[in-house]
Number of protein chains: 2
Amino acid sequence: MSTSAFPLSPHNHQACMRETLAEAEALAATRGERLTPLRRRVLEIVLESHRPVGAYDVLGALARDGARPAPPTVYRALDFLRAQGFVHRIDSRNAFVACFAPAKAHRCHFLLCRRCGRAAEILDAALDQALAETARQAGFAAERETVEIAGLCADCREDASAGVGAA
Amino acid sequence: MSTSAFPLSPHNHQACMRETLAEAEALAATRGERLTPLRRRVLEIVLESHRPVGAYDVLGALARDGARPAPPTVYRALDFLRAQGFVHRIDSRNAFVACFAPAKAHRCHFLLCRRCGRAAEILDAALDQALAETARQAGFAAERETVEIAGLCADCREDASAGVGAA
DNA sequence: GCCGGAATGTTATGTTATAACAGCATCATG
DNA sequence: CATGATGCTGTTATAACATAACATTCCGGC
């Protein structure tokens, strides 16, 4: 019954990934940018969950593919994907999460569940407005924002209270 | 003429430091916590500017004092100071900044100027409210927030436009 | 003096990220 | 086809940030 920004827990993630990947490919083509096999593979790896993954986790996944790239290879691919808005960085975790709506221009604000580990992108006009107003009042020219709210998502709150005892 | 959250540029920083340090000492005493010489010295080092400093910068400063502590010493002191609210962590920079109002309970939201490097703490009820409302709508139980807005502070905007040409 | 807990010291290592340069692929153009 | 420009990837090395695990010391209360 929650109006959660998180994906429904048992959603069809295969379809979710496939569609997002297709969207990224279309966007890259439109922009004349090259979503090379390596970049595409890195994006797939990050898309595999709705949880932030570390650069070295990506490195590990590539290693399991058989390639044995060094860190710069991964960081370069991630830099490209970030520049395209296909992936966002979670500063409070030194990790990266896929964007599941790369076509929409948006600010990158997140909810991070400490229990299930999922990251949800927030799209909230009132919050955007409040941030803009805060900067304006200080005479500050905002260029980039890091907004990450950590806590418990709706699903995990329910599970936790169910686990403790009375519903 | 800006209502800047940043300190006035040529403020009396000696007094600023001294007062904040005294406030921290009083708070620690009240709480029965021990602001030892090491912790106090680390706090002084972080207080020396309104810019975030890295843990290894602190380490360097301690080394110049003559002590040669290893990283855990610095991280432990910083952990203590953070727990007391005397220092905050800037996630987007892996760095630490002093709190100049440690007695006031507050959420830790920052403006970060990319030109002068200063960090300003934001105290904005409307922003707090918007963040709370965003979480509430998602059924999310917020526990900690990282809010860091990077850009140009009012002083640096003026300098930059002055530098370019017409005032 | 002695004990217990907190603080600090010490050693080693884990984790995240980038600099610098080499090699190779792709493609437009002569 | 040769050529050179550009951009992508590979490789080596190292920088920057952070913590685990255990030893020692400090300090107050008894």
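Everything in this summary refers to the structure shown in the same document. (Residues numbered from 1 in each chain as written. Chains lettered and ligands numbered in written order. Predicted model: local features only at pLDDT ≥ 70, side-chain atom pairs only at ≥ 80, totals over all residues. Heavy atoms only, no water.)

**Quick word on the pairing of strand 1 (residues 87–90) of chain B**
Residue and element names in this part refer to chain B. As paired strands, strand 1 and strand 2 (residues 95–98) are joined by four bridges and run antiparallel to one another. Along strand 2, the bridge assignment pairs V87 with A98. Counting the residues that bridge the hairpin from strand 1 to strand 2 gives four residues, and of these N94 lies at a positive phi of roughly 50°. (Pairing = 2+ DSSP bridges. Helix = DSSP H or I, 4+ residues; strand = E, 2+ residues; numbered from the N terminus.)

**A short note on the environment of F6 of chain B**
For F6 of chain B, the location among the structural elements is in the segment before helix 1 (13–31). When the C-alpha positions of F6 of chain B and D57 of chain B are compared, they lie 22 Å apart, and in sequence the two are 51 residues distant. Beyond its immediate stretch of four places on either side in the chain, F6 of chain B contacts F140 of chain A together with L111, C113, R118, A119, A120 and C153 of chain B. (Contact = heavy atoms within 4.5 Å.)

**Details of the side chain of D91 of chain B**
Relative to the helices and strands, D91 of chain B resides in the loop between strand 1 and strand 2. Polar side-chain contacts of D91 of chain B include one of 2.9 Å to the side chain of R89 of chain B. At 2.8 Å, the side chain of D91 of chain B and the side chain of T146 of chain B are in polar contact. With sequence-adjacent residues up to four places away left out, D91 of chain B is seen in contact with D91 and S92 of chain A together with T146 and E148 of chain B. (Polar contact = N/O pair within 3.5 Å; in protein donor to acceptor, adjacent residues only side chain to side chain.)

**Re the protein's contact with DNA strand C**
Around DNA strand C sit 16 residues in total, of which Y56, Y75 and R89 of chain A together with T36 and R76 of chain B are the nearest. Near the protein, meaning within 4 Å, the atoms of DNA strand C are sugar or phosphate in a fraction of 43%, with bases accounting for the rest. Between DNA strand C and Y56 of chain A there is a distance of 2.5 Å, counted from a base nitrogen to a side-chain nitrogen or oxygen. T73 of chain B is positioned such that a nitrogen or oxygen atom in its side chain is 3.4 Å from a phosphate oxygen of DNA strand C. If you list the elements that add at least two residues to the surface near DNA strand C, you get helix 4 (71–83) of chain A together with helix 2 (37–47) and helix 4 (71–83) of chain B. Sort the elements by how many residues they give to the surface near DNA strand C and helix 4 of chain A lands first, with four residues. A per-class count over the surface near DNA strand C returns eight nonpolar, three polar and five charged. (Near = heavy atom within 4 Å. Nonpolar A, V, L, I, M, F, W, Y, C, P; charged D, E, K, R; others polar.)

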